[in-house]
Amino acid sequence: MSYLSTWMAVAALAIVAILIPVGMVVVSAILRPRVIEQGKTQIYESGEVPTGDTRIRFNIQYYMVALLFVVFDVETAFIIPWVVIYREAVETVGLVHALVPMLVFLGTLLAALVWAWRVGAIKWVKRAPTHYRRSQS
Amino acid sequence: MGGGVAAVVFPDLIDEWTGLSEFGLGGEFVAAFIAAFVIGNLMMIMTALAGPWAKRKITAAFTDRIAVNRVGPYGLLIIPADAVRLLSKELIVPDGVDRPAWDLGPLIVASSALLGFAFIPFGSGVHLADPETGLIWVFAIASIASVGLVMCGYASNNKYSLLGGLRAVAQNVAYEIPLILTGISVVIFVGSLQMSEIVAAQSQELISIAGVSIPMWFAILNPFAFVLFLAANFAEIGRNPFDTPEAPTEIIAGYQTEYSSVYFVLIYLGEFLHIFLGAAIIATIFLGGPAGPVLPGIVWFLIKLWAVFLLTQWIRSAMPRFRIDQVLVFGWKLLLVGAFLNLILTAVIVGVIT
């Protein structure tokens, strides 16, 4: 199978994958009723009258993990080619030359993970609210 | 061996039957489109069976109840009945939703899950495309869904949805790396990212006990990686015990709180397609793909898919949900370190053997 026809097949499935959901939306648009009632379009807050907006500024204490993720994601991208050629490399240049550089690379990243772990960068909430902390101690 | 490797991919097979490629590039595209249409609808049938019927039946069996048994044989006609019921529901657009994003979110969730099946070798020649980088493409497309989940969560203008979307990102970020690291640890044995080669490598005989030959499935060869991958996969597709982004007892329904009618169906469809996509990846890289005795390859592949689906429903009935901070601790501290250990150990062992 040629390069072009491979990606043509993927493109064909992409079209099918968009057509099926869109088709369902169209069918539903034909079938469904539309009854306008007061209060029906309120956002759901467990039956209470909704308070405030969701478009507020909030503190994602978890953002450090996003940075950490980028680091490890790039690292994964570096590991993939090594994994693919690893067996051949062991046969041609020997175990030490194929394995040790990658061990050093992984070791550096693991050290970084341990550091992030100890600093507390991978916690969902960095500091519990004061009343919570008091009741804990 | 019933299945083995697909020597020709599915569009070529259709070409052979119809001779469409005589009409040049356009004909080839029509053949590819027919193949894609068959695969897309095969997966739609699978989800139709799984969602309204099998899920209820399995959960009922685990909790000692009787589920859908009124309409048709074994209650199977509940599937068209539910399809009509859900599609004909009124679509309620809540106040202040971010309109294009709110509409596009469910579409992305469903479409991306369906697209992932392009690279999956179903066996018996049903394999849409087989590029050299197949495994990477599957992982890449499988993770598009989290973008859709964030769009749903943020555009809904609902606090529960926002929390659900936030949790979905945090969870996907935590489990993406262990998933890929354990997934590519099998590539060390194969030396290629091509799906058909990964399947072919597993058809060799590992060991023969009392005349029964045990194939070199990577689940048997490296059970540690298999367990890690299963755990990471359940977290990635947001199934129990890691279904924190939805968590009905905590945040209503997470990112899908404000969705009704067809959009609800699309999110639901996307979730089930994702379970099957995860199952397909597991079956391909750990369970020998379509390999198996007597029955044709595609039947074995579907059996393996349903086995993994049964496992997800089993866990759903048997295990309590993790809390979100526990999920993250589990991902970053346990699974990631485990994935690194697995990769290094595999590399050392393979290196010493060769």
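Residues numbered from 1 in each chain as written. Chains lettered and ligands numbered in written order. Predicted model: local features only at pLDDT ≥ 70, side-chain atom pairs only at ≥ 80, totals over all residues.

Chemist: Help me understand the overall build of chain A, please; the structure alone is not making it clear to me.
Modeler: Counting secondary structure elements, chain A contains four helices and zero strands. For chain A, the sequential pattern of α-helices and β-strands runs α-α-α-α. The buried share of chain A, taken over its 137 residues, is 20%. (Helix = DSSP H or I, 4+ residues; strand = E, 2+ residues; numbered from the N terminus. Buried ≥ 20, exposed ≤ 12 C-beta atoms within 10 Å, placed from the backbone.)

Chemist: Before we go on, may I ask you to explain the overall build of chain B in this structure?
Modeler: Broken down by element type, chain B carries 15 helices and two strands. Taken over the C-alpha trace, chain B has a radius of gyration of 21 Å; the compact-globule value for 354 residues is 20 Å, and the two agree within 12%. Overall, chain B is about 60 × 55 × 45 Å in size when its C-alpha atoms are taken along their principal axes. Within the span of chain B, comprising 354 residues, buried residues form 55% of the whole. (Rg over C-alpha atoms; globule rule 2.2 N^0.38 Å.)

Chemist: Can you help me understand helix 1 (residues 3–31) of chain A in this one?
Modeler: Since the α-helix advances by 3.6 residues per turn, residues separated by three or four positions end up pointing in the same direction. Taking 1.5 Å per residue as the helical rise, helix 1 of chain A with its 29 residues ought to reach 42 Å, and the 43 Å between its terminal C-alpha atoms agrees with that figure. Looking at helix 1 of chain A, one finds that the buried residues are S5, T6, M8, A9, V10, A12, L13, V16, A17, P21, M24 and S28 of chain A. On its buried side, helix 1 of chain A packs onto helix 1 (10–18), helix 2 (24–62), helix 3 (78–87), helix 4 (99–115) and helix 13 (261–286) of chain B. (Expected span 1.5 Å × (residues − 1). Contact = placed C-beta atoms within 7 Å.)

Chemist: Please explain the nonpolar core as it appears in this structure.
Modeler: Nonpolar side chains tend to gather and get buried jointly when the protein is soluble and globular. Counting residues in hydrophobic clusters, the biggest one holds 143 residues, and the most contacted among them are A9 and L13 of chain A together with A36, L128, L266 and F276 of chain B. For this core, the element with the most residues is helix 13 of chain B, which contributes 18 residues. When near neighbours in sequence (up to four residues on either side) are disregarded, L13 of chain A contacts A36, I39, G40, L115, A118 and L128 of chain B. (Core = buried A, V, L, I, M, F, W, Y, C linked by C-beta atoms within 7 Å.)

Chemist: What am I meant to see in the interface of chain B and chain A here?
Modeler: It is common to give the size of an interface as the accessible area that goes away when the parts come together. Each partner contributes residues to the interface: chain B has 69 residues there, and chain A has 56 residues. Among the secondary structure elements, those contributing two or more residues to the side of chain B that touches chain A are helix 1, helix 2, helix 4, helix 7 (159–185), helix 8 (187–190), helix 13 and helix 15 (324–353) of chain B.

Chemist: Before we go on, may I ask you to explain the environment of Q326 of chain B in this structure?
Modeler: Considering the arrangement of structural elements, one finds Q326 of chain B in helix 15. For the pair Q326 of chain B and F242 of chain B, spaced 84 residues apart in sequence, the C-alpha to C-alpha distance is 9.6 Å.

Chemist: It is not clear to me how the environment of A60 of chain B should be interpreted in this structure. Could you clarify?
Modeler: Residue and element names in this part refer to chain B. Looking at where A60 falls in the secondary structure, it is placed in helix 2. Residue A60 is classed as partly exposed on the basis of its 15 C-beta neighbours within 10 Å. Through-space distance from the C-alpha of A60 to that of S317 is 9.4 Å; in sequence the pair is 257 residues apart. The residues contacting A60, other than those within four sequence positions of it, are R65, I66 and A67.

Chemist: Explanation requested: the environment of L13 of chain B in the structure shown.
Modeler: Turning to its location among the elements, L13 of chain B is positioned in helix 1. Taking the C-alpha atoms as reference, L13 of chain B lies 32 Å from L310 of chain B; in sequence the two are 297 residues apart.

Chemist: Any chance you could explain the pairing of strand 1 (residues 205–209) of chain B here in plain terms?
Modeler: Working note: regular strand, side chains alternate between the two faces of the sheet. All names here are of chain B. Burial runs low along strand 1: only zero of the five residues are buried. Bridge count for strand 1 against strand 2 (residues 212–215) is four bridges, and the pairing is antiparallel. Residue pairing in the sheet places S208 in a bridge with S213 of strand 2. (Pairing = 2+ DSSP bridges.)

Chemist: Just checking my understanding: could you explain the packing of helix 6 (residues 145–155) of chain B against helix 7 of chain B for this structure?
Modeler: Each packed pair of helices is defined by two parameters, the angle between the axes and the distance between the axes. Residues and elements named next belong to chain B. Running from amino to carboxyl end, helix 6 crosses helix 7 at an angle of 160 degrees, the nearest separation of the two axes being 7 Å. Classified by the angle between their axes, helix 6 and helix 7 sit roughly antiparallel to one another. Crossing of helix 6 over helix 7 shows left-handed handedness. Where helix 6 approaches helix 7, its residues S146, L149, V150, C152, G153 and Y154 are matched on the opposing element by S161, L162, G164, G165, L166, A168, V169 and N172. Grouping the constituent residues of the contact of helix 6 with helix 7 by class yields eight nonpolar, six polar and no charged. (Axes fitted to C-alpha atoms, helices over the stretch in contact; angles between N-to-C directions. Parallel < 35°, antiparallel > 145°, perpendicular 65-115°, else oblique. Left-handed = near helix turned anticlockwise from the far one by under 90°. Nonpolar A, V, L, I, M, F, W, Y, C, P; charged D, E, K, R; others polar.)

Chemist: What exactly am I supposed to notice about the packing of helix 2 of chain B against helix 3 of chain B here?
Modeler: All names here are of chain B. Following both chains from N to C, one finds helix 2 and helix 3 inclined at 90 degrees, their axes separated by 9 Å at the closest point. Taken together, helix 2 and helix 3 sit at an angle that is classed as roughly perpendicular. Residues A48, L49, P52 and W53 of helix 2 form the contact with helix 3, whose participating residues are I78, I79 and D82.

Chemist: I tried to follow the confidence of the model for chain A on my own but got confused; where do I start?
Modeler: Low pLDDT marks stretches whose predicted atomic positions should not be read closely. In the predicted model, chain A carries a mean pLDDT of 80, and 86% of its residues have values of at least 70. Looking over chain A, one finds the lowest element-wise mean pLDDT in helix 4 (residues 130–136) of chain A, namely 53, and the highest in helix 1 of chain A, namely 87. (pLDDT = per-residue confidence, 0-100.)

Chemist: Explain unusual backbone geometry here, please?
Modeler: Generally, phi is negative for residues other than glycine and the peptide bonds are trans, each holding for most cases. All names here are of chain B. In this structure, Y74 is a non-glycine residue whose phi angle is positive, near 55 degrees. Inspection of the secondary structure puts Y74 in the loop between helix 2 and helix 3. The phi dihedral of N157 falls on the positive side, at around 60 degrees, and the residue is not glycine. Position of N157 relative to the elements: it lies in the loop between helix 6 and helix 7. You can call N157 partly exposed: it has 19 C-beta atoms within 10 Å.

Chemist: What's the story with helix 13 of chain B in this structure? I'm lost.
Modeler: All names here are of chain B. With 26 residues, helix 13 should reach 38 Å at 1.5 Å per residue; the first-to-last C-alpha distance of 37 Å fits that figure. Counted residue by residue, helix 13 has 24 buried out of 26 residues, so it is predominantly covered. Two residues or fewer after helix 13 comes G288, characterised by a positive phi angle close to 75 degrees.

Chemist: What is the right way to look at the confidence of the model for chain B in this model?
Modeler: Residue and element names in this part refer to chain B. With 97% of its residues at a pLDDT of at least 70, chain B reaches an overall mean of 84. Here strand 1 stands out as the element of chain B with the lowest mean pLDDT, 72, in contrast to helix 13, whose mean of 90 is the highest. Counted against residues more than four places away or in other chains, residues 1–7, with its pLDDT under 50, gives 29 contacts.

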